[in-house]
Amino acid sequence: MIPTRYKAKISEFLSHLLGTGDAPRGLTGVPYLGERPWAFLEAVPKGPRTEAQREACQDPHALIDMLLKRPVTERKLRLLAIARGRFVWDRGLFGDARLEQAVLLGERFVEGLASADEMRAARDLFDRAWLELVRAGTHRPASAARCCVSTNRDEIANCGTLHAQLPFIRDIFGDLLDSVAFAPEWRTSTAVALASQMYESREFGAMPILGDALQDAGCDSADVLNHCRGEGPHVRGCWVVDRVLGKE
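Rules used throughout
Residues numbered from 1 in each chain as written. Predicted model: local features only at pLDDT ≥ 70, side-chain atom pairs only at ≥ 80, totals over all residues. Heavy atoms only, no water. Helix = DSSP H or I, 4+ residues; strand = E, 2+ residues; numbered from the N terminus. Buried < 20%, exposed > 50% of the residue type's maximum accessible area, 1.4 Å probe, protein only. Contact = heavy atoms within 4.5 Å. Areas by Shrake-Rupley, 256 points an atom, 1.4 Å probe, with all protein chains shown as cover. Phe/Tyr/Trp six-rings, centres within 6.5 Å; stacked < 30°, edge-to-face > 60°. Lys NZ or Arg CZ within 6 Å of the ring centre and 35° of its normal. Salt bridge = Lys/Arg side-chain N within 4 Å of Asp/Glu carboxyl O. 1 Å grid on protein atoms, 1.4 Å probe; cavity = no way out; pocket = protein on both sides within 12 Å on 5 of 7 lines; lining within 4 Å. Points joined across faces, edges and corners; volume = space filled by probe spheres on them. Nonpolar A, V, L, I, M, F, W, Y, C, P; charged D, E, K, R; others polar. Core = buried A, V, L, I, M, F, W, Y, C linked by side-chain atoms within 4.5 Å. Axes fitted to C-alpha atoms, helices over the stretch in contact; angles between N-to-C directions. Parallel < 35°, antiparallel > 145°, perpendicular 65-115°, else oblique. Left-handed = near helix turned anticlockwise from the far one by under 90°.

Identification of the protein chain as SMI1/KNR4 family protein from Gemmata massiliana is taken from an unreviewed UniProt entry.

Draft legend 1. Region of the structure containing the overall build of the protein chain. Helix and strand counts for the protein chain come out as 14 helices and zero strands. Within the span of the protein chain, comprising 248 residues, buried residues form 41% of the whole. Sequence separation of 24 or more characterises 65% of the internal contacts of the protein chain that already satisfy a separation of 6 or more. Carbon and sulfur atoms provide 54% of the accessible area of the protein chain, an area that totals close to 13,800 Å².

Draft legend 2. Main features of the packing of aromatic side chains. Inspection of the entire model under this criterion finds three aromatic pairs. Relative to Trp-186, the ring of Phe-182 lies with its centre 5.1 Å away and its plane at 80 degrees, an arrangement referred to as edge-to-face. Assigned by exposure class, Phe-182 and Trp-186 land together as buried. Note that Arg-91 overlies the ring of Phe-87, its terminal NZ or CZ placed 3.8 Å from the centroid.

Draft legend 3. Up close: unusual backbone geometry. In this model, Gly-232 is joined to Pro-233 through a cis peptide bond whose omega is 5 degrees. Within the secondary structure, Pro-233 is located in the loop between helix H13 (222–229) and helix H14 (239–245).

Draft legend 4. Expanded view of the pattern of salt bridges. All chains considered together, the criterion is met by 12 salt bridges. The shortest N-O distance in the salt bridge between Arg-98 and Glu-132 comes to 2.9 Å. Here Glu-132 lies in helix H7 (residues 116–135) and Arg-98 lies in helix H6 (residues 97–110), a separation of 34 residues in the sequence. A relative accessible area of 29% places Arg-98 in the partly exposed class. Asp-127 is paired through a salt bridge with Arg-123; the nearest N and O atoms lie 3.6 Å apart. With a gap of four residues between them, Asp-127 and Arg-123 both fall in helix H7, about one helical turn apart.

Draft legend 5. Empty space enclosed by the protein, seen in detail. Tallied over the full model, the rule gives one cavity of 30 Å³ or more. Volume-wise, the largest cavity comes out at about 50 Å³. Forming the walls of the largest cavity are Asp-96, Arg-98, Leu-99, Leu-125, Phe-126, Ala-129 and Leu-133. Contributing elements (two or more residues each) for the lining of the largest cavity: H6 and H7. Split by residue class, the lining of the largest cavity holds five nonpolar, no polar and two charged.

Draft legend 6. Expanded view of the nonpolar core. If you look at the biggest cluster of nonpolar residues, it comprises 61 residues, and the most contacted ones within it are Met-207, Leu-210, Leu-214, Val-224, Val-240 and Val-241. Among the elements that make up this core, the one with the highest residue count is helix H5 (residues 74–90) (seven residues). Beyond its immediate stretch of four places on either side in the chain, Leu-214 contacts Phe-182, Trp-186, Ala-191, Cys-219, Val-224, Cys-228, Val-240 and Val-244.

Draft legend 7. Geometry of the packing of H5 against H6. Direction vectors running N to C along H5 and H6 enclose 155 degrees, while the axes themselves pass 10 Å from each other. Relative to H6, the element H5 is oriented roughly antiparallel. The handedness of the crossing between H5 and H6 is left-handed. Residues Glu-74, Arg-75, Arg-78, Leu-79, Ile-82, Gly-85, Arg-86 and Trp-89 of H5 form the contact with H6, whose own contacting residues are Glu-100, Val-103, Leu-104, Gly-106, Glu-107, Phe-109 and Val-110. Class assignment of the residues belonging to the contact of H5 with H6 gives a composition of seven nonpolar, two polar and six charged.

What follows is the structure in C-alpha cells.
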C-alpha cells in the first residue's frame, strides 16, 4: 500500500506527465510526454531482433510474436498447431478418439479436403464436450487438438508456444526468422519428388538426400543445406520442403 504522504506527490507528478498540471517542485526538468506517456514503449520491437538473438531465443512466445508481425499464412500457423497435436498424440496422451479426429480434420483442411463448416462443427463439439474432457482429465491434451480445428488466427498461433515445440517453430518458420532466399532453379524434378514423398508420408528421413539434390542444382545457401542435414525434427510444413514444393 502507498503511504498517504506520498499519494499527493505521485498524483502531482502523473498530472504533469499527462499535461494536466504543473511540474512538481524539484521535477521541473521532467518533460511533458503527452496524453499517452507510455506510447513510446509500443514502438520498441518485442522478441529477438538479430540472427544471434533468434538462434539463442528459448521463448516460443517471443518468436510467435515476431512471426505474427510478418506475412505468415494461416496454413503455416495451423501446421504448427497440428505439429503440437501430433506431438501429444504420438506420446499416447490423447486417450479420446475425438482428439485424434480433430488433428486429422485439421490436416485435411490444410490440404483443402475439409470445409470451414466441418471445422466449425468440430470446434462446437469441443466446446460442448469441454466439461466432460475436464472431468476425464484430458482437457490439457484436448486443448492441443482443439487448436487444430480453431478458426481464430491468434489461438492457432499460440497453440505452438510450448517450449517443447521450439524445434517445430524453427522447422516451419526458419526462413521467415532468418529471411532466407530460395532460387526457383533449385526446384529440380529430383528435389520436388523427394520433397513430395516426405510431405505426403510425414517421414523426413530423406532430408539429407534432399540437401544433396538441392546442392547439385546449384544451391549454395548454408541455411537451406544445414537445415536439410541437421538433426531436425522435421514436420509437415518444414520450410525447405515447402519452398521446394512452392507452398506458402
